[in-house]
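For reference, the chains in residue letters:
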Amino acid sequence: MVQRQRSKEIRMLKKTLALVMFAVLSVSAFAAQAKTVEIEGMNSLKFSKENITVKPGEEVTIKLTNTTDLPESAMAHNWILLAADADAQAVDEAAAQAKDNDYVPKDMSDQILAHTGLVAGGETDEVTFTAPEEPGDYEYICTFPGHLAAGMKGTLTVKEG
Ligand SMILES: [Cu+2]
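First, a word on scope: everything that follows refers to the structure included in this document. Here the structure is a predicted model, which means the values were calculated and not measured.

Structural notes on the packing of aromatic side chains
Now for step 1: Within the structure shown, the criterion is met by four aromatic pairs.
Now for step 2: Connected via pairs of aromatic rings, a cluster forms that spans Phe47, Trp79, Phe129 and Tyr140.

In C-alpha cells:
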C-alpha cells in the first residue's frame, strides 16, 4: 500500500516536472522573439511607418534607415519615442540645442523612453527597448531641425494582442 502510494507520488512529481519544463521552454521561446520594426526616414520628412502596435512589456527593436542622397547637414533623421505625458514641442525645441548629441536633448530623459542615433544617407541605426506596460498611444518624433514641424512623427500603440 505504501509502495503504491509512493509510485503515485512519483508519477505526480514527473507530471509536475514536465509542466515546469514546458513552461520554462515556452517563456524562453517568447523572450527570443523581440519584435523588429524597420522604418525608413524619407526625404518627404515622414517616417515610412506612422503607426506601430506592440504588446505591453514586449521587447521591440526599431531599425531606422535613411536612404537619402542628400548630405547629412541637409537630411538626417532620428527616432525618439516619447513618454505618454511628454511635450513633443518642448523636446523638439531642446533638441535643436543638442546637435552634438544627435539632436537628443540630454536633460529630458524623463520624457524620452527610447531613441536611435542620428542617421545620415546610407546609414541604419537601431534601438531595442521594452515597451511600456501601460496600454495607450505613445508619440515618436524626428528631432532633426524642422522635421517634426513638417510632420515627421508617428504613434506607437501599446495594447494587448
Ligand atoms: Cu527627420
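Overview of the sheet that holds strand β7 (residues 136-141)
Now for step 1: A sheet is described by the order of its strands in space; here five strands give the open sequence β2-β8-β7-β4-β5, paired in mixed fashion. Each edge of the sheet is formed by a strand with only one pairing partner; in this case those strands are β2 (51-54) and β5 (112-115). Sheet twist, expressed as the mean angle between neighbouring strand axes with direction ignored, is 25 degrees.
Now for step 2: Strand direction decides the pairing type here: strand β4 (residues 80-82) and β5, joined by three bridges, are antiparallel. If you follow Leu81 over to β5, its bridge partner there is Ala114.
Now for step 3: In the packing of helix α2 (residues 88-95) onto the sheet, the strands contacted are β4, β5 and β7, and the crossing angle to β7 comes to about 25 degrees.

Brief notes about the coordination of the copper ion
Now for step 1: Around the copper ion, the protein contributes the donor atoms His77 (ND1), Cys142 (SG), His147 (ND1) and Met152 (SD), which lie 2.1 to 2.6 Å from the metal centre.
Now for step 2: Between consecutive donors of the copper ion, the numbers of intervening residues give the motif H-x64-C-x4-H-x4-M. Taken as a pair, Cys142 in the loop between β7 and β8 (153-158) and Met152 in the loop between β7 and β8 lie far apart in primary sequence, 10 residues in all. An identical accessibility class is assigned to Cys142 and Met152; each is buried.

Parameters at a glance
Residues numbered from 1 in each chain as written. Predicted model: local features only at pLDDT ≥ 70, side-chain atom pairs only at ≥ 80, totals over all residues. Heavy atoms only, no water. Phe/Tyr/Trp six-rings, centres within 6.5 Å; stacked < 30°, edge-to-face > 60°. Pairing = 2+ DSSP bridges. Helix = DSSP H or I, 4+ residues; strand = E, 2+ residues; numbered from the N terminus. Axes fitted to C-alpha atoms, helices over the stretch in contact; angles between N-to-C directions. Contact = heavy atoms within 4.5 Å. Donors = N, O, S within 2.8 Å, 3.2 Å for Na, K, Ca; no water. Buried < 20%, exposed > 50% of the residue type's maximum accessible area, 1.4 Å probe, protein only.

From the geometry alone we can't say anything about function, so treat these as descriptive.
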